[in-house]
Amino acid sequence: MDKHRTFLLLVLQHLTLALEVPLDLPQPPTITLQSPKDYIFDPRENIVIHCEAKGKPHPSFSWTRNGTHFDIEKDSKVTMKPNSGTLVIDISGEKAEAYEGTYQCTAHNDHGTAVSNNIVIRQSRSPLWSKEKDKKIVVQLGISLVLQCRPPAGLPPPIIMWMDNNFQRLPLNPRVSQALNGDLYFSNVLLSDTRTDYICYARFPHTQTIQQKQPISVTVLENNPIGERKPGFMMPLGPTSTKMVLKGEALELECIAEGLPTPNILWQKDGGELSKTVSFQNFNKTLKISDVTEADAGNYRCIANNSYGSAYHIIKVTVKAAPYWISAPRNLILAPNETGILTCRVSGDPKPKISWFVNGVPLQNAPEDPSRKIEDDTVILSSVQTGSSAVYQCNASNEFGYVLANAFVNVLAEPPRVLTPPNRIYQVITNNHALLDCASFGSPIPTITWFKDNQISIKNGDSYVIHENGTLEIHVAQPMNSGKYTCIATNNLGIKENHVFLEVKEPTRILIQPEYEVVQRGMKAVFECKVKHDQSLIPTMTWLKDSTALPDDDRFVVGTESLTIKDVVDEDEGTYTCHMNTTLDHDSASAMLTVVGKVKYTCTNYIDQPDPPTDLEMTGQKERSVELTWTPGDEHNSATQKFIIQYEDHLHQPGVWVNLTEVPGTSPTAQLNLSPYVYYSFRVLALNGVGYSDPSQPSRQYRTNPAAPDVSPSNVQGEGTEPGNLVISWTPLTGFQSNGPGLEYSVQWRQKDVEEEWSTETVANVSQFVVSGTPTFVPYEIKVQAVNDYGSGPVPNAVVGYSGEDLPLTAPDRVRIMLQNSTLAEVHWEPVSMPSVRGKLQGYKPQPEEEKSLIFSGNRSEGRLPGLQPYSFYHVYIKVLNSKGEGPASSSKTFETPEGVPGPPSFLNVVNPGLDSLTLEWGPPQHKNGRLSGYTLKYQPVNSTSELGPIKEMTFLPNETTIILSNLNSSMLYKFYLSAKTIKGSGPDISEEAFTAMDTTVASRQVDIATQGWFIGLMCAIALLILVLLIVCFIKRNKGGKYPVKEKEDAHQDPEIQPMKEDDGTFGEYSDTEDHKPLKGSRTPSNGTVRRDESDDSLVDYGEGGDGQFNEDGSFIGQYSGKKEKDTHEGNESSEAPSPVNAMNSFV
């Protein structure tokens, strides 16, 4: 039922949102924020009068004070916030009274003028008590007495307290009580009332000041005591009195009686019952109704009685009403030539007078408009035309106040637009409600039609409802409702469609639930939890033990459809719950785990769990107890350790068995303590070393009689959710704990440390109660007592809760800035007083402009502002923060950070590359962080192997942003590093790389030579000649050395050169000595070496490498071959043969 009611409220809220004009379209102003009608300010703080409005174009603002134009520019103490109408009045050093008065804000643009309420600004006051003489009162024992307080009139009125010289509150009771006006009443005095320090204190809440009246001395004599007597009224006087109260306000009626013994006070309403919202305070002497209605009018009778008689007084209550809305006018959006109606329906007593205004001007003074007709509370606009947009004001007033509402008429011609995002996907669970949005705008107002799957036209019917705002509601969604839905918005200027999608999902259900498990210690327990769910939804399985998270233990293994507990220990006993959650729904199931000892076996006897007990009998029945006996089953060679007695409550929890008690295994009987109002059945389980037996058969039913509750609700808490309320919540009693029918809760509360009576309200079938009209964030003592048809439960202990928070009242003072360096500052401030926080202090919030805000948690007076920009101006203010939000900002503190190193230059570009030059251009840093003193440029070449060359450095003046670098190498990569600098040093580099241009002339010449025909022919001829020479040499070597030169050699043998013998490893007749004769003029040593005289030639010059190389036929010729003579034929043989590669390299 609650779920349906909640959904209905959501639907109503969803469907009753006012039509909003998109902000990109022209529209008259709308007031969005304004200060309350009655604004009492603290003279120690700035006055802030709020006025915010929206419109297109954005409105301009002006103010009136006491009915005349308030020229803000002429008063240096008054400023208006940018893009806002909010006034900030700096009253420091000024007389605050000068700014008291009635203010009204006006918001104006091209399409109309909206006005705020009249805001009455008054200064809070806490005047001193007028001087008076010490007052000494002497009275006789038993007489009644009144000590007058008569505090000075403050704004707002003060809170009165009676205390002694030690600031201890005087005890109040039914005999001694404090009246609403602050006077202290004694119904009769006792000797103990004698004292010299009856002091009345007045606390003024806005200024947080306390004023003290001169002490009053009271002396009670007993020489002529006043005897016992019937009651009489000390206030009000006479048999009757009258009281007028306004609807919606609080009604407080007070009767204080004297007499001996002390009278009791009772209240009645003649001819009717007291309101259900009535509460009694001050020991029943005050009747209070928080929110008065017309039904609370009538005659209220207060009766005072004691053992000597009674007296009564009648208070005639009349209820009047300041104007209040029945139906306030709402904005109209009309197309040209359309007709619209503005309705202003109010009520009040006396009947309010209705006045109409247009753009802030009374209608009778406004220009005549033939399309406008006024009929008392209604304005009819016929055939409106473009350009006739305006803002209308309805003011309803009587002697007790007024209400004012703005409503604009916006004349637009606008084709439809759909505001709901396209292709939105809605997902619901089968059998639940579905709401598909089609928020639209147009003028005339578009007509909305819906189609399913682009074909089926949807009409209002049993399963579908199309609401006035275009929302499509499906009461009970089914899978067949899934699909694509199209809403079409149409007016005479066009048509617009939008597509949304509905997916109706299967519900998540646990098919196989975990079952009760009895597991031996050290064994394994497995709980299954198999789920059926919609395939498109991913369920999340969460296991809980006794409603808390599983222990952090590797023995607990969570599978996809199970929980396994390995090596079970005694501590694992408990209730395990499987929770299956999807993004749309959830399901859960629970089972218990019981751990027993290990199975033991003997060599001779087999043991097993016991048989279940039998023959359950109940004897000795009493109101709260019964004796249960049974016959134990077979133990199967393992002694019974204990019996567990369980019960089922057929009235409150049928089908659920709960452990009640256990007894030793040697006792087949148990004395059971019972609770009232329970329909019991019992069963017994036996436990031995193997495990539990099966449960016995249930006993016959035993019903206990109802009684008053034995326990109070648990988890009683009090916390305000908004200013002026206190939400008292608790955990309700279970049906088992109720002890009887008619369970209700007596909710009691009173303000802590304030001597006042408990307020009481009785509620049923709820777990919370909201107290309205509380002061802001004050402690309350709270009690919640269980009551049923058979009496009240035990009186609970009081718990302390706090009423709702409100935004902090004051801003921190004396803000100071201490600079640490160019990027860090410390901010110091004077903390606000704790009462002005009006809530739980969260901390202080500094707000430097263009910086992300920080929060300094706790009650502190300083904090650090990191990440500041060097060489910058900052405006910093501080706000106090409570759980409700932020308080007003402190006065702004301006400071400048010192210079720092600059950021990197904004860019570095290389342009116009030449053969030996590059041009560099750069821009100044985005963050100069000071006054630039210049730039530093470093550059170095980078070769083809990425090795860096030497660095060159240049400096430039701050106004130079380009340079041409010359004398660079062509076709070379250069790397550049540029940094800016201030007096604090150089900032980070920005780097760039670029090549100088290539020498295109040389490159083209190389290409031309390599492609010439004569060059290719020359290379081929040289290669062919080398090949022929190699072939000839190879043939001669194969003939064995009988060359003509050999014969010549034999004829002209040099005596110094002898053929080498075979025994010393030489070759005699095959040596080619002629080819290796020394040149003329040289001498050959006996060791066969050649001295280097005039010639620098060596054997290397004639061979293809160093000493010891092999010839082409494999002979080792390096040691004995002499130097060849160079003739014209062999002149080129000592040089390296030319090749195409060498030829190419020679041109490089």
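Treat the numbers as computed from the prediction; the structure is a model and nothing was measured.

A.B. asks: Give a detailed account of the state of the cysteines, specifying residues and quantitative values.
C.D. replies: Applying the stated rule across the entire model yields six disulfides. Two residues share a disulfide in this structure: C51 and C105, whose sulfurs sit 2.0 Å from each other. Residues C51 and C105 share a disulfide whose torsion about the S-S bond is about -70°; that sign makes it left-handed. Of this pair, C51 sits in strand β4 (residues 51–56) while C105 sits in strand β9 (residues 101–109), and the two are 54 residues apart along the sequence. The class for C51 is buried, based on a relative accessible area of 0%.

A.B. asks: Could you give me a rundown of the pattern of salt bridges, with the residues and numbers involved?
C.D. replies: Summed over all chains, the structure comprises 34 salt bridges. A salt bridge links R750 to E781; its shortest N-O distance comes to 2.9 Å. Of this pair, R750 sits in strand β67 (residues 744–751) while E781 is found in strand β70 (residues 779–788), placing the two residues 31 residues apart along the sequence. Via salt bridges that share partners, D24, E414 and R417 belong to a single interconnected network.

A.B. asks: Please set out the sheet that holds strand β43 (residues 456–458) residue by residue, giving values where relevant.
C.D. replies: With mixed pairing, five strands are arranged side by side in an open sheet as β39-β47-β46-β42-β43. Unpaired on one side and paired on the other, β39 (424–429) and β43 mark the two borders of the sheet. Taken pair by pair, the neighbouring strands of this sheet meet at an average axis angle of 30°, ignoring direction. As defined by bridge partners, strand β46 (residues 483–491) adjoins strand β47 (residues 494–505) across nine bridges and the pair is classed as antiparallel. Across the sheet, C487 pairs through a bridge with N498, a residue of β47.

A.B. asks: Can you explain the nonpolar core? Please cite residues and give values.
C.D. replies: In this structure, I47, I49, W63, I89, Y103 and I121 are the most contacted members of the largest nonpolar core, which totals 30 residues. If you tally residues by element for this core, the top one is β9, at three residues. I121 has contacts with Y39, F41, I47, I49, Y99, E100, G101 and Y103, leaving out every residue within four places of it along the chain. Counting 21 residues, the second largest nonpolar core, distinct from the first, contains W129, L147, L170 and L184.

A.B. asks: Residues and numbers for the environment of T293, please.
C.D. replies: One can find T293 in the loop between β26 (286–289) and β27 (298–306). Taking the C-alpha atoms as reference points, T293 and V245, 48 residues apart in sequence, are found 9.6 Å from one another.

A.B. asks: Can you tell me about the packing of aromatic side chains, naming the residues and giving the values?
C.D. replies: Summed over all chains, the structure comprises 18 aromatic pairs. Ring centres 4.7 Å apart and planes at 25° place the aromatic pair F777 and Y802 in the stacked group. Note that F777 is positioned in the loop between β69 (768–772) and β70 and Y802 in strand β72 (residues 799–802), a separation of 25 residues in sequence. Since its relative accessible area comes to 23%, F777 is described here as partly exposed. Ring pairs connect the aromatic residues Y647, Y680, F682 and F736, which therefore count as one cluster. Against the face of Y198 rests R195, its NZ or CZ located 5.7 Å from the ring centre. Over the aromatic face of Y312 sits the side chain of R301, whose NZ or CZ is 4.4 Å from the ring centroid.

A.B. asks: Could you give an account of the sheet that holds strand β7 (residues 78–80), naming the residues involved and the relevant values?
C.D. replies: Strand order across the open sheet formed by three strands is β3-β8-β7, with antiparallel pairing between neighbours. The strands lining the two open edges of the sheet, one partner per strand, are β3 (47–49) and β7. With strand direction ignored, the average angle separating the axes of adjacent strands in the sheet is 20°. Strand direction decides the pairing type here: β7 and strand β8 (residues 87–89), joined by three bridges, are antiparallel. Note that in β8 the partner of M80 across the bridge is L87.

A.B. asks: For a negative patch on the surface, give the residues involved together with the corresponding values.
C.D. replies: Taken together, the side chains of D611, D634, E635 and D694 present a region of like negative charge at the surface. Looking at the element boundaries, D634 is found in the loop between β59 (625–631) and β60 (642–649). On the basis of relative accessible area, D634 is assigned to the partly exposed category, the value being 45%.

Analysis parameters
Residues numbered from 1 in each chain as written. Predicted model: local features only at pLDDT ≥ 70, side-chain atom pairs only at ≥ 80, totals over all residues. Heavy atoms only, no water. Disulfide = S-S within 2.5 Å. Helix = DSSP H or I, 4+ residues; strand = E, 2+ residues; numbered from the N terminus. Buried < 20%, exposed > 50% of the residue type's maximum accessible area, 1.4 Å probe, protein only. Salt bridge = Lys/Arg side-chain N within 4 Å of Asp/Glu carboxyl O. Pairing = 2+ DSSP bridges. Axes fitted to C-alpha atoms, helices over the stretch in contact; angles between N-to-C directions. Core = buried A, V, L, I, M, F, W, Y, C linked by side-chain atoms within 4.5 Å. Contact = heavy atoms within 4.5 Å. Phe/Tyr/Trp six-rings, centres within 6.5 Å; stacked < 30°, edge-to-face > 60°. Lys NZ or Arg CZ within 6 Å of the ring centre and 35° of its normal. Patch = residues over 30% accessible without salt bridge, like charges linked within 9 Å, V, L, I, M, F, W, Y side chains within 5 Å. Areas by Shrake-Rupley, 256 points an atom, 1.4 Å probe, with all protein chains shown as cover. Lys, Arg positive; Asp, Glu negative; His and termini not counted. Charge placed at Lys NZ, Arg CZ, Asp CG, Glu CD.

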